[in-house]
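Observations on the three-dimensional arrangement
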Amino acid sequence: MNSGKALLIPLCMLIACLLAAALGALQNQLTYPVSPSWFHDWKFSQFDIPPALHGRAGASLVGLLATWWLGLILGLVLLIPCLFQPTPRRMFSAFLKAALFVLAATLMAETAAALWGLARINSETAPGWTRVFDDPAAAARVQFINFIGYLAAAVATIAAAAYSFHRRNR
């Protein structure tokens, strides 16, 4: 590996962590209105969010703290096939395209999950563990959105990594 590529590795990983943190913050802007009690009854205390931030700002902070580390894992999976690109410039470009693809695919999947959850999850279909929340159906919707988001990020990362490797000499 040439030194130009080696110098870009920390930058790529930093970008991956920042994008993952931004995704978590955006996701919680989607989920906070779905179930404020999810945050007030659980997440704010889990992440030691000060009472002054209990609201959308705190929800964003929870998202940032809960997902930045995912950038380390997904960023590494995206970065490895990009190292096979012929130049540092192509490596960085392939990485950025792959990371933005994962971000967009995940946001679209989470939006679809939110719409599906609103249409299909109600007090009768909410799982028993959600009964500890003020609105069990809303808590189940948030958990569904979170699950689909993580699943979509994983699938999109694998797809983007495979595509980056496939396009390595083109």
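Presented here is an overview of the structure given in this document. No experiment lies behind these values; they were computed from the predicted model shown. Along each chain, numbering runs from 1 in the same order as the chain's sequence is written. With the structure being a predicted model, the display of local features is reserved for residues of pLDDT at least 70 and the display and counting of side-chain atom pairs for 80 or more, all residues being used for whole-chain, interface and lining totals. As a convention, hydrogens and water are excluded, and side-chain values are obtained from all of the structure's heavy atoms.

Burial of nonpolar side chains together is a common tendency in soluble globular proteins. In terms of nonpolar packing, the biggest core is built from 20 residues, with Leu78, Leu79, Met91, Phe95 and Val102 touching the most fellow members. When residues of this core are traced back to their parent elements, those giving at least two are helix H1 (3–31), helix H4 (70–82), helix H5 (88–120) and helix H6 (136–166). Numbering goes from the N terminus for both helices and strands, where a helix is a DSSP run of H or I of at least four residues and a strand is a run of E of at least two. Here this core gets seven residues from one element, more than from any other, and that element is H5. Contact partners of phenylalanine 95, with chain neighbours within four places excluded, come to Cys12, Ile15, Ala16, Gly75, Leu78, Leu79 and Cys82. Within the second largest apolar cluster, 17 residues are counted, among which are Phe44, Ile49, Val62 and Ala152. By convention a nonpolar core is built from buried Ala, Val, Leu, Ile, Met, Phe, Trp, Tyr and Cys residues, the set being connected through side-chain atoms within 4.5 Å. Buried residues are those whose accessible area, probed at 1.4 Å on protein chains only, stays under 20% of the maximum for their type, while exposed residues exceed 50% and partly exposed ones sit between those limits. We call two residues in contact when some of their heavy atoms are within 4.5 Å.

The next point concerns the packing of aromatic side chains. Here the aromatic set is Phe, Tyr and Trp, taking the six-membered ring for Trp, and pairing holds for ring centres within 6.5 Å; pairs whose planes are under 30 degrees apart are stacked, those over 60 apart are edge-to-face, and all others are tilted. The full count for this structure, using the stated rule, is nine aromatic pairs. Where phenylalanine 39 meets phenylalanine 44, the ring centres are 5.9 Å apart and the plane angle is 40 degrees; that geometry is what we call tilted. A relative accessible area of 1% places phenylalanine 39 in the buried class. Accessibility expressed as a relative area gives 1% for phenylalanine 44, which makes it buried. Each ring, one from phenylalanine 84 and one from phenylalanine 165, has its centre 5.4 Å from the other, and the planes form 90 degrees; the classification is edge-to-face. On the criterion of sequence distance, the pair formed by phenylalanine 84 in the loop between H4 and H5 and phenylalanine 165 in helix H6 is long-range, its members being 81 residues apart. The exposure class assigned to phenylalanine 84 is partly exposed, which follows from its relative accessible area of 47%. Among the residues examined, phenylalanine 165 registers a relative accessible area of 35% and is labelled partly exposed. An aromatic cluster is built from Trp38, Trp42, Trp129 and Phe133, whose rings are joined through pairwise contacts. Both a distance and an angle decide whether a charge sits over a ring: NZ of Lys or CZ of Arg must be within 6 Å of the ring centre and within 35 degrees of the ring normal. A cation over an aromatic ring shows up here: lysine 43 above the ring of tryptophan 42, its NZ or CZ 4.2 Å from the ring centre.

The subject of this paragraph is helix H2 (residues 36–46). Regarding H2, the residues found buried are Ser37, Trp38, Phe39, Lys43 and Phe44. Residues of H2 that are buried make contact with H1, helix H3 (56–67) and H6. Note on H2: the residue one or two positions beyond its end, aspartate 48, has a positive phi of about 55 degrees.

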